[in-house]
Amino acid sequence: CFFFFFFKQKTAYEMLRSLVGSEMCIRDRYYLGKRVAYIFKASTLKNGTRFRVQWGRVTKAHGNNGVVIARFKRAIPPQAMGGQVRIMLYPNRFQQDYNKLAQH
């Protein structure tokens, strides 16, 4: 009897990131939908700078230890798997929720 196990292949578009100071899954919901920037330095000069940015979004929480999954528009290089990303605190959902409450 043979058993076949199929594992979901991790795509190069997703990255697991640990949030500093957010150890609970409840607080991770605040970061859902926020934009993520992976900034790296290239060898060639383009538009007067050597820095490049790849943008993505925080899509969901991973576990209950403050780890989130960020999905990028373009595939990220393998060197970025352990690198730092910057989480921008926009879009802000507070304004959207406030507008919904004001309509009722």
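Use the structure listed above.
Residues numbered from 1 in each chain as written. Predicted model: local features only at pLDDT ≥ 70, side-chain atom pairs only at ≥ 80, totals over all residues. Heavy atoms only, no water.

Draft legend 1. Geometry of the overall build of the protein chain. Helices and strands together make up the secondary structure of the protein chain, namely two helices and five strands. Scanning the protein chain from its N terminus toward the C terminus, one meets helices and strands in the order β-α-β-β-β-β-α. Expressed as a percentage of the 104 residues in the protein chain, the buried residues total 24%. Long-range contacts, defined as pairs at least 24 residues apart, comprise 61% of the intrachain contacts of the protein chain with a sequence gap of at least 6. (Helix = DSSP H or I, 4+ residues; strand = E, 2+ residues; numbered from the N terminus. Buried < 20%, exposed > 50% of the residue type's maximum accessible area, 1.4 Å probe, protein only. Contact = heavy atoms within 4.5 Å.)

Draft legend 2. Structural context of the pattern of salt bridges. Considering all chains together, one arrives at one salt bridge under this definition. Of the charged contacts, one joins Arg71 and Glu14 as a salt bridge, the two residues approaching to 3.2 Å between their closest N and O atoms. Taken as a pair, Arg71 in strand S4 (residues 67–72) and Glu14 in strand S1 (residues 14–18) lie far apart in primary sequence, 57 residues in all. Note on Arg71: relative accessible area 40%, which makes it partly exposed. (Salt bridge = Lys/Arg side-chain N within 4 Å of Asp/Glu carboxyl O.)

Draft legend 3. Region of the structure containing the nonpolar core. Counting residues in hydrophobic clusters, the biggest one holds 11 residues: Met15, Leu19, Val36, Tyr38, Val58, Val68, Ala70, Phe72, Ile76, Ala80 and Val85. Those elements that provide at least two residues to this core are strand S2 (35–46) and S4. For this core, the element with the highest residue contribution is S4, accounting for three residues. (Core = buried A, V, L, I, M, F, W, Y, C linked by side-chain atoms within 4.5 Å.)

Draft legend 4. Structural view of a nonpolar patch on the surface. Taken together, the side chains of Ile39, Phe51 and Val53 define a hydrophobic patch exposed on the protein surface, amounting to about 250 Å² of accessible area. Classification of Ile39 as partly exposed rests on a relative accessible area of 32%. (Patch = residues over 30% accessible without salt bridge, like charges linked within 9 Å, V, L, I, M, F, W, Y side chains within 5 Å. Areas by Shrake-Rupley, 256 points an atom, 1.4 Å probe, with all protein chains shown as cover.)

Draft legend 5. How the structure looks around the sheet that holds S1. Pairing within the open sheet is antiparallel, and its five strands lie in the order S1-S4-S3-S2-S5. Unpaired on one side and paired on the other, S1 and strand S5 (86–87) mark the two borders of the sheet. Pairing analysis gives six bridges linking strand S3 (residues 49–62) to S4, with the strands arranged antiparallel. Bridge pairing in S4 places His62 opposite Val67. (Pairing = 2+ DSSP bridges.)

Draft legend 6. Spotlight on the pairing of S3. In this structure, S2 lies alongside S3, joined through eight bridges in antiparallel fashion. Bridging across to S3, Arg35 finds its partner in Arg57. Remark: two residues form the turn of the hairpin made by S2 and S3, two consecutive strands paired antiparallel; Asn47 in that turn has positive phi of roughly 55 degrees. Where S3 folds back onto S4 in an antiparallel hairpin, the turn is made up of four residues, including Gly63, whose phi is positive at roughly 80 degrees.

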